[in-house]
Amino acid sequence: MKFHCFKTYTVLILTAACLLSMQSCKPKSAQAAAGGDASKSFVAPGKYDEFYNIVSGGFNGQVAVYGIPSGRLFRIIPVFSQSPESGYGFSEETKPMLNTSHGFVPWDDQHHIALSQTKGEHDGRWVFANGNNTPRIARIDLTTFRTAEILEIPNSAGNHASPFITENSEYVVAATRFSVPLDDQNGDVPINTYKQNFKGSISFISVNPTSGEMNISFQIRTPGVNFDLSRAGKGVSHGWFFFSCYNSEKANTLLEQNASKKDKDFVMAVNWKKAEEYLKAGKAKKQTVKYAHNVYDENTHTATSSMITEVLVLDPADCPEMLYLIPCPKSPHGTDVDPTGEYIVASGKLAASIPVFSFAKIQKAIADKAFDGEYDGIPVIKYEAALHGEVVKPGLGPLHTEFDGKGNAYTSMFVSSEIVKWRISDLQVLDRVPTYYAVGHLSIPGGPTAKPHGKYMIAYNKITKDRYLPTGPELTQSAQLFDISGEKMKLLLDFPTTGEPHYAEALPASMLMAKQRKIYKIEENTHPYVSKGEGQTKVERKGNQVHVWMTAIRSHLTPDNIEGVKLGDEVYFHVTNLEQDWDVPHGFAMKGANNAEILIMPGETQTLKWVADRVGMFPFYCTDFCSALHQEMSGYLRVSPAGSNTALLFSTGTNKPAVTAEGGAAADDTKK
């Protein structure tokens, strides 16, 4: 196929500009860098923030919750990584959440999140989060701010272009970053046979409108390109998805050179309504795969993991009019759709202009067959036929675009470390502000929806040298809060962030505050080892396993004396928090435990496994400060030699066996 000449700087010119800009963007003085009006972001004690900001954690594998405009960190939600703070991934109930076809995987690289939508607007039900490394999608329940479900993605390697969501949460999509031989193919092939053996895939994950449960509805097999990011159409473009993809060269080594040879890569336009028609017509083929589906039950307080062994795959060769390609500047990163759904912004990170495509023009080009050849059998729409226009000279290294709902777009410029505001109708640049430094994603509350709130914008920056107190070789990453309510963007606040935030979405606090679950009702607890009162506590031996039914309430554990455990035993502490009061969790930790504490919410049951690896006395205690007598909330477990005849005893408040006047143990007829 032929490509039209594209007027951009060359890679060498951009590289030189990058070096110059990185030096010039540094403020000339501390005063110059200290601009901002923090008073406008101040939230007085006892007052609430206007927005929840749900932020990806990057390499920590978790999701964080901040308040906007204060920038205060409220919670880190365990998702793909074990959390010693809460016991997530350590407790017996939550370990299945991290199960995969590769076994137990206690970490992932969490890049993007998506909030559930109804009619193109946030509805406050769920957060979807991607695991980039071992391909997975998670769903977080916004009534509990807990991970409710994790679904592994087969036929994928590097789950970067996810999780992007349709305007009524019909689907969450996940496209592979790295093309590879697919799961039913022989992967033991020479790497340099990439062009012959490597393929991409896009997964369409259906979302149950009531429960939120996810299932892979179908996958689309694609050419062996690398997918970066995506957005669903909305409004006039509902029924379509738009994916940025790079490495149209199909290079397999030194991609910084070999995947940047062509002037253009592509935006892939996917007609998912047409894909549904082909699915219904039986065009999909069953493929043997293996992937895990993990679900957490709020009644049993326990996760279960099941393995699924097939998926339905649509091949574009059998499904015409399902996929189209639109040329765009080389190595595109973000692909974003404006609130009306008419305009699609493609950001080539090696370009010095931003093309904006028109959905109406795309449809006309398809109808007129205004194609510029094919790529692996997929029609390539002529660039000019799909183009609304180009934002001229916005800056260097455009990455991501958000919208304010007032006809304006905001694009982050990674190389020139700035944010550019421009008008969608005539593509004129209206304003620009520096960021400190190397800005990545932007987040405007409601920005990716049909109804942005348009008051604040948060920039997520990769480099923060000279912005904070130094902390050795690695500095915190940062967010910068801007006021975008007027014509000019105004910096209000810097605040540090955890992990490496990539994307974030924000929604009004009023949408979530009244929905929060405050306790788990003890009478609804169906955990198999629940103790709904202290009278139900007990200790039982099953072979070399010892199960402890335990309760926690301010300010004691029942039982708090346990004897008869023997060397080599596996001890399972099933701890039920009897509190029925908001914000009164109890923790539980055991000396010598090689995992973590567990943190038990009011009315909940969680289990800590502990192995008796030596003879002796082992204290256990509550780890979450709960009352003035928190320090006294503790107990002892005695471990005897493996061959001993020490009886299995447990008690609270009464010594068992009773102690004689001489200090020895009397016979005990009440032992259990």
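Overview of the overall build of the chain
At step 1: In terms of regular secondary structure, the chain is built from seven helices and 45 strands.
At step 2: On C-alpha atoms alone, the chain measures out to a radius of gyration of 28 Å, which is about the 26 Å that the 2.2 N^0.38 rule sets for 672 residues.
At step 3: Overall, the chain is about 100 × 60 × 45 Å in size when its C-alpha atoms are taken along their principal axes.
At step 4: Across the 672 residues that make up the chain, the buried fraction comes to 58%.
At step 5: For the chain, restricting intrachain contacts to residue pairs at least 6 apart in sequence, the fraction spanning at least 24 positions comes to 63%.
At step 6: When the 66 basic and 72 acidic side-chain charges of the chain are each reduced to a single mean position, those positions are 4 Å apart.

Brief notes about the pairing of strand 15 (residues 240-246)
Sheet faces and side chains relate simply in a regular strand, where the side chains alternate between the two faces.
At step 1: For strand 15, the buried fraction is high: seven of the seven residues fall into the buried class.
At step 2: Neither face of strand 15 is left uncovered, since the one carrying Trp240, Phe242, Ser244 and Tyr246 and the one carrying Phe241, Phe243 and Cys245 both have all their residues buried.
At step 3: Where strand 14 (residues 226-232) meets strand 15, five bridges bridge the pair, whose relative direction is antiparallel. Directly across from Asn226, in strand 15, lies its bridge partner Tyr246.

Thoughts on the pattern of salt bridges
At step 1: In total, this model carries 27 salt bridges according to the counting rule given.
At step 2: Two residues, Glu402 and Arg231, come together in a salt bridge whose shortest N-O distance is 3.8 Å. Of this pair, Glu402 sits in strand 26 (residues 398-403) while Arg231 sits in strand 14, placing them 171 residues apart in sequence.
At step 3: Between Glu310 and Lys286 there is a salt bridge whose closest N-O contact spans 3.8 Å. Residue Glu310 is found in strand 18 (residues 302-314), and its partner Lys286 is found in strand 17 (residues 285-297); the two are separated by 24 residues along the sequence.
At step 4: Shared partners join several salt bridges into a network, and the residues in it are Arg231, Asp336 and Glu402.

Comments concerning the layout of surface pockets
At step 1: Size it by volume and the largest pocket reaches roughly 1400 Å³.
At step 2: Every residue lining the largest pocket is counted, 42 residues in all, and those nearest its centre are Arg75, Thr144, Phe145, Gln516 and Met601.
At step 3: Within the residue set of the lining of the largest pocket, elements represented by two or more residues are strand 1 (51-56), strand 3 (73-77) and strand 9 (146-152).
At step 4: When the residues that make up the lining of the largest pocket are grouped by side-chain class, the tally is 22 nonpolar, 10 polar and 10 charged.

Regarding the packing of aromatic side chains
At step 1: Applying the stated criterion to the full structure yields 24 aromatic pairs.
At step 2: When the centroid spacing of 4.5 Å and the interplanar angle of 20 degrees are considered together, the rings of Tyr194 and Phe198 count as stacked.
At step 3: Residue Tyr194 is classed as buried on the basis of its relative accessible area of 6%.
At step 4: With a relative accessible area of 13%, Phe198 lands in the buried category.
At step 5: Ring plane angle 55 degrees and centroid distance 5.1 Å describe the contact between Phe266 and Tyr375, whose orientation is recorded as tilted. Of this pair, Phe266 sits in strand 16 (residues 264-271) while Tyr375 sits in strand 23 (residues 371-375), placing them 109 residues apart in sequence. In this structure, Phe266 and Tyr375 share a single accessibility class: buried.
At step 6: Pairwise contacts between aromatic rings join Tyr171, Phe204, Phe218, Phe227, Phe241, Phe243 and Trp272 into one cluster.
At step 7: Directly above the aromatic system of Tyr383 lies the positively charged group of Lys264, at a separation of 4.1 Å from the ring centroid.
At step 8: Over the aromatic face of Tyr246 sits the side chain of Lys349, whose NZ or CZ is 5.2 Å from the ring centroid.

Brief notes about the nonpolar core
Note on soluble globular proteins: their nonpolar side chains tend to be buried together.
At step 1: Core analysis: the biggest nonpolar cluster contains 31 residues, and Phe204 and Met268 have the highest contact counts within it.
At step 2: When sequence neighbours within four positions are dropped, the list of residues in contact with Phe204 reads Tyr171, Val172, Val173, Asn215, Ile216, Ser217, Phe218, Ile220, Phe241, Val270 and Trp272.
At step 3: By size, the runner-up hydrophobic cluster in this structure holds 27 residues, among which are Val539, Val546, Ile598 and Phe650.

Concerning unusual backbone geometry
At step 1: The linkage connecting Ile68 with the following residue, Pro69, adopts the cis geometry, with an omega of 25 degrees.
At step 2: The linkage connecting Tyr436 with the following residue, Tyr437, adopts the cis geometry, with an omega of -15 degrees.
At step 3: Considering the arrangement of structural elements, one finds Tyr437 in the loop between strand 29 (429-434) and strand 30 (439-443).
At step 4: Residue Asn247 is not a glycine yet carries a positive backbone phi of 60 degrees.
At step 5: Considering the arrangement of structural elements, one finds Asn247 in the loop between strand 15 and helix 4 (255-258).

Regarding the side chain of Ser248
At step 1: Secondary-structure assignment places Ser248 in the loop between strand 15 and helix 4.
At step 2: By relative accessible area, Ser248 is classed as buried at 4%.
At step 3: There is a polar contact of 2.7 Å between the side chain of Ser248 and the side chain of Asp265.
At step 4: Non-local contacts of Ser248, meaning those with residues more than four positions away in its chain, are made with Val225, Lys262, Lys264, Asp265, Phe266 and Tyr375.

What about the confidence of the model for the chain?
At step 1: Mean pLDDT over the chain stands at 92; residues scoring 70 or higher make up 93%.
At step 2: Across residues 1-33, where pLDDT falls below 50, the model places 50 contacts with residues more than four positions away in sequence or in other chains.
At step 3: For the stretch residues 667-672, pLDDT sits under 50, and the model shows nine contacts to residues farther than four places along the chain or on other chains.

Topic: helix 5 (residues 272-280)
At step 1: All of the buried residues in helix 5 are Trp272, Lys274, Ala275 and Tyr278. Each buried residue of helix 5 lies within a common arc of 150 degrees when the element is viewed along its axis, so the set occupies one face.
At step 2: In the core, the buried residues of helix 5 are packed alongside strand 11 (171-175), strand 12 (200-207), strand 13 (214-222), strand 15, strand 16 and strand 18.
At step 3: Positive phi appears at Gly282, one or two residues downstream of helix 5, with a value of about 85 degrees.

Brief notes about helix 6 (residues 359-368)
At step 1: Of the positions making up helix 6, those classed as buried are Phe359, Ile362, Ala365 and Ile366. Looking straight down helix 6, one finds that the buried residues subtend no more than 120 degrees of arc, so they occupy a single side. Facing away from the buried side of helix 6 by over 90 degrees, the exposed positions are Lys364 and Ala367.
At step 2: Sitting at the head of helix 6, Ser358 places a side-chain oxygen 3.3 Å from the backbone nitrogen of Ala360.
At step 3: Lys369, located one to two residues past helix 6, shows a positive phi value of around 55 degrees.

Description of the environment of Ile76
At step 1: Note that Ile76 resides in strand 3.
At step 2: The exposure class assigned to Ile76 is partly exposed, which follows from its relative accessible area of 33%.
At step 3: Each C-alpha atom, one on Ile76 and one on Phe145, is 9.2 Å from the other, the two residues being 69 residues apart in sequence.

Focus: the sheet that holds strand 12
At step 1: Read across the open sheet, the 10 strands follow the order 6-7-8-9-17-18-13-12-11-10; overall the sheet is mixed. Every other strand in the sheet has two partners, leaving strand 6 (113-118) and strand 10 (161-165) as the edge strands with one partner each. Pairwise comparison of adjacent strand axes, ignoring direction, gives a mean angle of 25 degrees for this sheet.

Cut-offs and rules
Residues numbered from 1 in each chain as written. Predicted model: local features only at pLDDT ≥ 70, side-chain atom pairs only at ≥ 80, totals over all residues. Heavy atoms only, no water. Helix = DSSP H or I, 4+ residues; strand = E, 2+ residues; numbered from the N terminus. Rg over C-alpha atoms; globule rule 2.2 N^0.38 Å. Buried < 20%, exposed > 50% of the residue type's maximum accessible area, 1.4 Å probe, protein only. Contact = heavy atoms within 4.5 Å. Lys, Arg positive; Asp, Glu negative; His and termini not counted. Charge placed at Lys NZ, Arg CZ, Asp CG, Glu CD. Pairing = 2+ DSSP bridges. Salt bridge = Lys/Arg side-chain N within 4 Å of Asp/Glu carboxyl O. 1 Å grid on protein atoms, 1.4 Å probe; cavity = no way out; pocket = protein on both sides within 12 Å on 5 of 7 lines; lining within 4 Å. Points joined across faces, edges and corners; volume = space filled by probe spheres on them. Nonpolar A, V, L, I, M, F, W, Y, C, P; charged D, E, K, R; others polar. Phe/Tyr/Trp six-rings, centres within 6.5 Å; stacked < 30°, edge-to-face > 60°. Lys NZ or Arg CZ within 6 Å of the ring centre and 35° of its normal. Core = buried A, V, L, I, M, F, W, Y, C linked by side-chain atoms within 4.5 Å. Polar contact = N/O pair within 3.5 Å; in protein donor to acceptor, adjacent residues only side chain to side chain. pLDDT = per-residue confidence, 0-100. Arc of directions from axis to C-beta. Axes fitted to C-alpha atoms, helices over the stretch in contact; angles between N-to-C directions.

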